Amino acid sequence: QVQLVESGGGLVQPGGSLRLSCAASGSIFRNYAMGWYRQAPGKQRELVATITSAGRTNYADSVKGRFTISGDDAKNTVYLQMNSLKPEDTAVYYCHLNPYYVRYEYWGQGTQVTVSS
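So, a few notes on the structure that sits alongside this text. (Residues numbered from 1 in each chain as written. Predicted model: local features only at pLDDT ≥ 70, side-chain atom pairs only at ≥ 80, totals over all residues. Heavy atoms only, no water.)

**Regarding the sheet that holds strand β1 (residues 2-7)**
Under the convention used in this document: Strand pairing requires that DSSP identify at least two bridges connecting the strands. We count a stretch as a helix when DSSP gives it H or I for four or more residues in a row; a strand needs E for two or more, and each element gets its number in order from the N terminus. Fitting a line to C-alpha atoms yields each axis, with helices limited to the stretch in contact; the angle taken between N-to-C directions then spans 0 to 180 degrees.
Strand order in the open sheet made by the four strands is β1-β3-β8-β7, with antiparallel pairing throughout. Each of the sheet's edge strands pairs with one partner strand only, and the pair in question is β1 and β7 (67-72). Going across the sheet, the axis of each strand differs from the next one's by a mean of 15°, ignoring polarity. Relative to strand β8 (residues 77-82), strand β3 (residues 18-26) is paired through six bridges, and the arrangement is antiparallel. In the sheet register, L18 faces β8, and the bridge partner there is M82.

Pasting the structure below:
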């Protein structure tokens, strides 16, 4: 079994920064894609950033230049560094794991990010 636990959310002022962490436990996957999604009230869940086990990254246009996704394989943890935060970034952020060769997807419980003065 796999569990994904997000942390690092909270209240931050516009222009500020937060660093989200997603710690994975349970089964070990050598090949995978992981990502961060977010969902604001009344909106559909949106892909924010992805990273593969090979280190390839992709970002939504809305966060390019502001957010950085990275991983630490030794710690089984993926991070999302969020800089220059805007009120429109306010959402629940979810960690996502898509193991290669397995038709399962794993989701964390979500962590609230609120950008407000």
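**Examining the pattern of salt bridges**
Filter applied, for reference: Any Lys or Arg side-chain nitrogen located within 4 Å of an Asp or Glu carboxyl oxygen qualifies as a salt bridge. Buried means the residue's accessible area, taken with a 1.4 Å probe over protein chains only, is under 20% of the maximum for its type, while exposed means over 50%, and partly exposed covers the values in between.
As enumerated under the stated definition, the model contains four salt bridges in all. Note that E46 and R38 form a salt bridge whose closest N and O atoms lie 3.0 Å from each other. Note on E46: relative accessible area 31%, which makes it partly exposed. With a relative accessible area of 5%, R38 lands in the buried category. The partner of R38 in a salt bridge is D89, with the nearest N and O atoms 2.9 Å apart.

**Some words on the state of the cysteines**
Applicable threshold: Count a disulfide wherever a pair of cysteine sulfur atoms falls within 2.5 Å.
One pass over the full model with this rule turns up one disulfide. Paired by a disulfide, C22 and C95 hold their sulfur atoms 2.0 Å apart. On the sign convention where negative means left-handed, the S-S torsion of about -85° between C22 and C95 marks this disulfide as left-handed. Of the two residues, C22 sits in strand β3 while C95 sits in strand β9 (residues 91-99), which places them 73 residues apart along the sequence. The exposure classification of C22 matches that of C95, with both residues buried.

**Observations regarding the pairing of β9**
Extensive coverage of β9 is indicated by the burial of seven of its nine residues. Pairing analysis gives eight bridges linking strand β4 (residues 32-39) to β9, with the strands arranged antiparallel. For W36, the partnering residue across the bridge sits in β9 and is C95. Bridging between β9 and strand β10 (residues 106-107) involves two bridges; their strand directions are antiparallel. Across the sheet, residue H96 finds its bridge partner in β10, namely W107. Count of turn residues in the β9/β10 antiparallel hairpin: six residues, of which Y101 carries a positive phi of about 75°.

**A closer look at the layout of surface pockets**
As a reminder, the rule being used: Here a cavity means grid points, on a 1 Å grid over the protein atoms only, where a 1.4 Å probe fits yet cannot get out; a pocket means an open set of points with protein on both sides within 12 Å along at least five of seven lines; lining residues are those with an atom within 4 Å of a point. Grid points are joined across faces, edges and corners, and a volume is the space filled by probe spheres set on the points. Put simply, Ala, Val, Leu, Ile, Met, Phe, Trp, Tyr, Cys and Pro go in the nonpolar bin, Asp, Glu, Lys and Arg in the charged bin, and everything else, Gly too, in the polar bin.
Considering only enclosed or pocket space, the largest pocket measures out at about 390 Å³ in volume. Residue assignment for the lining of the largest pocket shows that the elements contributing at least two residues are β3, β4, β5 (46-52), β7 and β8. For the lining of the largest pocket, the element with the highest residue contribution is β3, accounting for three residues. Per-class residue counts for the lining of the largest pocket are eight nonpolar, nine polar and three charged.

These figures come from the coordinates and say nothing about function on their own.
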